[in-house]
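Overview (structure and organization)
Letter by letter, the chains look like this.
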Number of protein chains: 4
Amino acid sequence: MGGAVATTAIAGIEMIKSGANRFDGLPLADVAVPGLSHYRDLVFGGWDLNGEDLGSAAQEHGVLSRDELNDGASALKSMRPWAAVGNERFCRNIQGRHLIAAKSHREAVEIIAADLARFRKESDAERVVMLNLASTEVWPDLSLPVLATVEAFERGLDENDPAIGPAMLYAYAAITSGVPYANFTPSVAADVPALIELAKRRNVGVAGKDGKTGQTFMKTVIAPALRARSLHVDGWFSTNILGNRDGLALDDPASLQSKLNTKGCVLEQILGYPVEDHLVDIRYYRPRGDDKEAWDNIDITGFLGKRMQIKVNFLCKDSILAAPLAIEIARVMGLADRRGEGGVQEQLGVFFKAPMVANGHPPEHAFHVQEQMLADWLNKH
Amino acid sequence: MGGAVATTAIAGIEMIKSGANRFDGLPLADVAVPGLSHYRDLVFGGWDLNGEDLGSAAQEHGVLSRDELNDGASALKSMRPWAAVGNERFCRNIQGRHLIAAKSHREAVEIIAADLARFRKESDAERVVMLNLASTEVWPDLSLPVLATVEAFERGLDENDPAIGPAMLYAYAAITSGVPYANFTPSVAADVPALIELAKRRNVGVAGKDGKTGQTFMKTVIAPALRARSLHVDGWFSTNILGNRDGLALDDPASLQSKLNTKGCVLEQILGYPVEDHLVDIRYYRPRGDDKEAWDNIDITGFLGKRMQIKVNFLCKDSILAAPLAIEIARVMGLADRRGEGGVQEQLGVFFKAPMVANGHPPEHAFHVQEQMLADWLNKH
Amino acid sequence: MGGAVATTAIAGIEMIKSGANRFDGLPLADVAVPGLSHYRDLVFGGWDLNGEDLGSAAQEHGVLSRDELNDGASALKSMRPWAAVGNERFCRNIQGRHLIAAKSHREAVEIIAADLARFRKESDAERVVMLNLASTEVWPDLSLPVLATVEAFERGLDENDPAIGPAMLYAYAAITSGVPYANFTPSVAADVPALIELAKRRNVGVAGKDGKTGQTFMKTVIAPALRARSLHVDGWFSTNILGNRDGLALDDPASLQSKLNTKGCVLEQILGYPVEDHLVDIRYYRPRGDDKEAWDNIDITGFLGKRMQIKVNFLCKDSILAAPLAIEIARVMGLADRRGEGGVQEQLGVFFKAPMVANGHPPEHAFHVQEQMLADWLNKH
Amino acid sequence: MGGAVATTAIAGIEMIKSGANRFDGLPLADVAVPGLSHYRDLVFGGWDLNGEDLGSAAQEHGVLSRDELNDGASALKSMRPWAAVGNERFCRNIQGRHLIAAKSHREAVEIIAADLARFRKESDAERVVMLNLASTEVWPDLSLPVLATVEAFERGLDENDPAIGPAMLYAYAAITSGVPYANFTPSVAADVPALIELAKRRNVGVAGKDGKTGQTFMKTVIAPALRARSLHVDGWFSTNILGNRDGLALDDPASLQSKLNTKGCVLEQILGYPVEDHLVDIRYYRPRGDDKEAWDNIDITGFLGKRMQIKVNFLCKDSILAAPLAIEIARVMGLADRRGEGGVQEQLGVFFKAPMVANGHPPEHAFHVQEQMLADWLNKH
């Protein structure tokens, strides 16, 4: 919880509590639905590989100003993360020392579950939701049998199967604790068949994955309109430069692949045909810090086969776009929990680059359709 | 009908008839609705201030290649426009010699109506639709009583009132001939209260105005998504460079104002608040010819009041984007006519920068909502 | 001296004195030439239509942070401008109350000269230089006889000729006080024939005009290279958005024309042929504050007549680019004065959009040539 | 000689001969120096892995229109390349069937030399120059002793040392035939110590390497100006998309590395300090064909440590920029030969991304300095 997105989200809520922040950038700020938590009722706990207090962590990320951290968000200074489960094999460029001393998968799960139980008790929160905001892990081999069924997965836990990564251990601990789990990262977690099935059996909500913030957000906004105008996409070149810890993690080719996996699939579903020249680059570029820049070039063919180009240059702040989505995901997960709706929460697709789906049908990526799906779900009762 | 959009649209249809063109860029190519004309059944007639054949006109515009004009679109060489009603006061930078020798408003209307009647007879078309694809006229004083009611307007015709411009004469002739009228230009035509009322009384369709092609299209795609994400628009700077005859017409400040009027209003309706720093520039820049380039800079504020920027650079071909919309408007107007639906055709909003509305309520500008409105209308029977 | 450029320049020097600033962005920081003042030896005085202290003025401009103004640049709080000569006719969008109560041109000149004499005495500076950093004035009629000769100009002073604007009064007062005068704005000042001649007669240095900061800087860097590669410039479209007081002043079409006059002429001299489609737009756009953005599109023709495009998007900070140039101009003017060189200082062309020239020959605009001219002059002794 | 650059260059010269082309894009068109060949006196011969005539090859490249190839450049149809030395190990993505049947390095060299001798005789040209316009080869291990001295290299030829690639064989054959050799590609050829020494001993001109066309051209134009203004470069991100055969060759990581090696080093020399975040990406992106697009983002720090950004988007045609440089290199190499100047031709640096230098000093990269070097050399006699 000491990452840039988590600290920004927590700071934003604390600033709302202290009157220093308004509701800019919170997509559901105007939604009034019974059972949806108020922003000021949210409380936070979590793990991090780095043990420093959130105020210090936030200062390093450089997203909030010193003034903001001293005034409205001063509460962060007294928040400390719990020791985390880390695994160097899964995220090579990010290391830390604030680790759970677990000797086995089972022991790790027990410690996580104990943390959750303690937090539930101490915070006196009505309900608890777990959000994965950790660094991106490497992409596992999804064809392994251990990830295919609940039973195989649980045997894998017993046997410390190396295919089970940290994100999966957290997701498993959450689901078995009755805590809804959402994955804001590209890591593979609750989206393996074993855990989807488990969530369904236990009627615990799961959702993911990979917050749809900058470039993919714009892509899923523009592509449906190109389709509506019958403008054929010949190629879509996307490049990103970013300099925060997320960028550093993605500087490891194995983690980068996880990211590219979640970014790559949106166009075909929206357009109805494959775009062979769909390229996505992500580069770690330090002058930007948490600021992130995306440049897209879209080659299109219109009437009479004539060719045109659209270029989109998005100068954005990664955590500023991500934090409000994380908050809204938590609130909607809480509402689903209250409504007794477990399993995959498809209504959250608008917030994710690679939305999880319940029944194997392809996910919807068009932004305005996803937006309508969420609005319908919110209003359905 | 000798302008760049008209000749491109006609060439595209003739190339479909001759097998040289597919349906790229035609938004309703996949729609199968009873009563909607097939592309290959469309036939064309029209006026122009310039009397040359459409093949020669198209060659000057430089949108189609010499090969295309000689092969698939060779039919244009044998098409000649009818002499037009022109008025130098209303469009100062474009002049021509192929003029109707009308001494009064009434005589002009009669000649236009006679042209329509002759075309209907000679073409043997099942139904006729009039599309305004002429150069942009200057913006009239909309508060004049002569434009307010049918009766005042008709008195104005009798008295050759100078407030009644050429586009209004065409629209009046169309409506009184029972010919649906759509306005693809920013000129004021059927959208004065007098003619809206007349269209309603006669149950003749009218629609407009100003084809939504490049920059405004993108604006109405992106703005709804910014609203959905609660990203506040602090300013939106739009500049355009274009070098075709449309650009030359807009080089006259009075005509430019007409264009800016139709481009300016979309943001407030979509976002729900006024954007004080919404600037739109259009510059005549000859190196581009019919190619048109738009550059937009959008300043947005997100979570915690942090500021970000989006820049969109659209290198487009004006007529290539416009021609298919003109074609689809004609087809939908024809279908509405067949369905017996007169008055303002609100379902066509997706094709216009400044959609006409029937009952004074504000027009919908969000692209995906407009798209749904048209789909609903098409599928409603 | 309370404008954004002046306060930024003064703050920068004060921060160098206090050790809080290094020499980033100072073009001549590495130049060691005998007689060139050290940055830390500079002291400041000046006029402003607004009487508040420079610390408060700088805070409003928003170029420096609160921390910088409280720490390294805290000296600004105790600096107050002298009352200014203003004239609403010459700069309509900027008004102030801190005015010299002069009833005639001659009285105004006397007060300015007295201010200079007092400053020279109180500051104990070795030599004094006057820099025009005021808002842009409207463009006068340069063909008026009153501006043509020293004698006519001085008669004009006696008769309060309205063609003589405030900037000219300041320039006249400087020259007749033996104070070198440089014009960092697009206003017409020492560059009328009368004052050029006067500066020559008195052997007092004059230079100008209009600091070459963002877009024109890049233009004069890129254009020479296009010429060197024989890439023909078919058109160059330049647009600017800026939101500071400079932008507000330029929102008056008359002042804007002054700016466009100084920006417009560079291409033809560099390329050796006129660029017919050279367009320059400047728009006042508040979301940017002192940040300024330029977008250029360059259409070029290369080998075999094939066409290509270059687009340059410069996100710059106006005062941050301008202030160091103002400082270097002052230092070089001081050095020329020490060297006994009066009249037009052509060696300063690298810092100006419209360099003044001594003998009527066309000014050099190519950046690297100008750079060499300055280096040669600096090293010539 | 059937590649896009070669066929474009030859077509351009043939079109000059036939009167269909002017001198657009030829940097030295206005230079009148005794001994510099006229464009219309150039004649061509060369090798290619593909045996088809140049007219057919050019048609595939899509740089010239069908009309141009049928009219002014019709001479290409009767030009056929000679069979080439190819080596799959050195350029994996480009293969061909029009190969020299050489069983050894020595035999390959002999055949190349025989081709040169035959061409010299048949063409009756006054002097012959060899230009490498082939696809980029993989980067060899430059530390191998075989590349270090003439003697070791010649032993390597005898022993068919695999470190000696095709480009080196051509360069060796040229030098030993007394034919000046210039390398327009990033491949390692005459720039190994052995061949530089050989060229010096034989007094035969060599030059290279990698034509400076689009992005690097702009980089070496802009970077010197940033230095002159003391604007510190914090990072420079460059990305390229291109879809021609050159792009396909670079899609092989080993060849790409050769390109990146020649693009990477320019900034440090110009700026005087290393730019740690200087990233260069090149992606094969088919919608562009021979059109190439570069997008650069430059992060700079100015006065008071304030940060700004410059973005440059260059939509260029690779071969259109490259062909005239290839022609001028050939003319200048010819002139140097006439002047009796062998060894490394440093005066050609303005045309190369990685200029070869004679004595181990670092190469000059600043565009305007290189331009002056060439002008000085041309005018020195």
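Details of the structure are given in the entry above.
A short tour of the structure in this document, coming up. (Residues numbered from 1 in each chain as written. Chains lettered and ligands numbered in written order. Predicted model: local features only at pLDDT ≥ 70, side-chain atom pairs only at ≥ 80, totals over all residues. Heavy atoms only, no water.)

Observations concerning the pairing of strand β9 (residues 307-317) of chain A
Note on strand geometry: in a regular strand, side chains alternate between the two faces of the sheet. All names here are of chain A. Most of β9 sits inside the fold, with 9 of its 11 residues counted as buried. Bridge analysis of strand β8 (residues 291-301) against β9 gives 11 bridges, and the strand direction is antiparallel. If you follow D296 over to β9, its bridge partner there is V312. The hairpin turn running from β8 into β9, its antiparallel successor, is 5 residues long, and L304 in that turn takes a positive phi close to 60°. (Buried < 20%, exposed > 50% of the residue type's maximum accessible area, 1.4 Å probe, protein only. Helix = DSSP H or I, 4+ residues; strand = E, 2+ residues; numbered from the N terminus. Pairing = 2+ DSSP bridges.)

Regarding empty space enclosed by the protein
Under the defined criterion, the tally for this structure stands at 16 cavities of 30 Å³ or more. Estimated volume of the largest cavity: approximately 160 Å³. Of all the secondary-structure elements, those providing two or more residues to the lining of the largest cavity are β9 of chain A, β9 (307-317) of chain B, β9 (307-317) of chain C together with β9 (307-317) of chain D. (1 Å grid on protein atoms, 1.4 Å probe; cavity = no way out; pocket = protein on both sides within 12 Å on 5 of 7 lines; lining within 4 Å. Points joined across faces, edges and corners; volume = space filled by probe spheres on them.)

Digging into the sheet that holds strand β10 (residues 343-344) of chain C
Residues and elements named next belong to chain C. The 4 strands lie next to each other as β3-β4-β5-β10, forming an open sheet whose pairing is parallel. Each of the sheet's edge strands pairs with one partner strand only, and the pair in question is β3 (130-132) and β10. One ladder, built from 3 bridges, connects strand β4 (residues 181-183) with strand β5 (residues 205-208); its direction is parallel. Looking across to β5, one finds that Y181 is bridged to V206.

Quick notes on the interface of chain A and chain B
Contacts between the two partners involve 52 residues from chain A and, on the opposite side, 52 residues from chain B. Summed over both partners, the interface of chain A with chain B buries about 4,500 Å², with 67% contributed by carbon and sulfur atoms. Of all residues in chain A, the largest losses of buried area upon contact with chain B belong to A:R229, A:F303 and A:L304, amounting jointly to 21% of the total for that side. Where chain A meets chain B, there are 2 salt bridges. (Contact = heavy atoms within 4.5 Å. Buried area = accessible area lost by both parts, 1.4 Å probe. Salt bridge = Lys/Arg side-chain N within 4 Å of Asp/Glu carboxyl O.)

Digging into unusual backbone geometry
For the peptide bond that leads from C:G208 to C:K209, omega is -10°, which places it in the cis range. Tracing the chain through its elements places C:K209 in the loop between β5 and α8 (215-228). One non-glycine residue, A:D210, adopts positive backbone phi at about 70°. Tracing the backbone shows A:D210 in the loop between β5 (205-208) and α8 (215-228). On the basis of relative accessibility, which here comes to 2%, the residue A:D210 falls in the buried class.

Considering the sheet that holds strand β8 (residues 291-301) of chain D
Taken in spatial order, the 8 strands line up as β7(C)-β6(C)-β8(C)-β9(C)-β9(D)-β8(D)-β6(D)-β7(D) in an open sheet, and their pairing is mixed. Edge positions in the sheet fall to β7 (277-284) of chain C together with β7 (277-284) of chain D, since each of these pairs with one other strand and no more. Here the average twist between neighbouring strands, direction ignored, is 10°. Strands in contact with helix α12 (residues 318-338) of chain C are β6 (232-242), β8 (291-301) and β9 of chain C together with β9 of chain D; relative to β9(C), the strand with the most contacts, it is inclined by about 80°. Sheet strands touched by helix α8 (residues 215-228) of chain D: β9 of chain C together with β6 (232-242), β7, β8 and β9 of chain D. Its angle to β6(D), the strand with the most contacts, is close to 165°. (Axes fitted to C-alpha atoms, helices over the stretch in contact; angles between N-to-C directions.)

Topic: the pattern of salt bridges
This model, assessed by the stated rule, comprises 100 salt bridges over all chains. The partner of C:R106 in a salt bridge is C:D158, and the shortest N-O contact between them spans 2.8 Å. Residue C:R106 is found in helix α4 (residues 105-123), and its partner C:D158 is found in helix α5 (residues 150-158); the two are separated by 52 residues along the sequence. What makes C:R106 partly exposed here is its relative accessible area of 27%. Where D:D337 meets D:R127, a salt bridge forms, and the shortest distance between an N and an O atom there is 3.2 Å. You can see D:D337 sitting in helix α12 (residues 318-338) and its partner D:R127 sitting in the loop between α4 (105-123) and β3 (130-132), a full 210 residues away along the chain. When its relative accessible area of 24% is taken as the criterion, D:D337 is described as partly exposed. Linked through salt bridges whose partners overlap, the residues forming this network are A:D234, A:D299, A:R307, A:K311, D:R288 and D:E293.

So, the packing of aromatic side chains
For the structure on display, the rule yields 34 aromatic pairs over all chains. Geometrically, the ring pair formed by B:F153 and B:Y172 is tilted, given 5.7 Å between the ring centres and 35° between the ring planes. Of the two residues, B:F153 sits in helix α5 (residues 150-158) while B:Y172 sits in helix α6 (residues 166-176), which places them 19 residues apart along the sequence. Comparing B:F153 with B:Y172, the two get one shared label, buried. Aromatic pair B:F237 and C:Y285: ring centres 6.3 Å apart, planes at 70°, arrangement edge-to-face. Within this pair, whereas B:F237 is found in strand β6 (residues 232-242), its partner C:Y285 is found in the loop between β7 and β8, the two belonging to separate chains. Of the residues examined, C:Y285 reaches a relative accessible area of 0% and is grouped as buried. (Phe/Tyr/Trp six-rings, centres within 6.5 Å; stacked < 30°, edge-to-face > 60°.)

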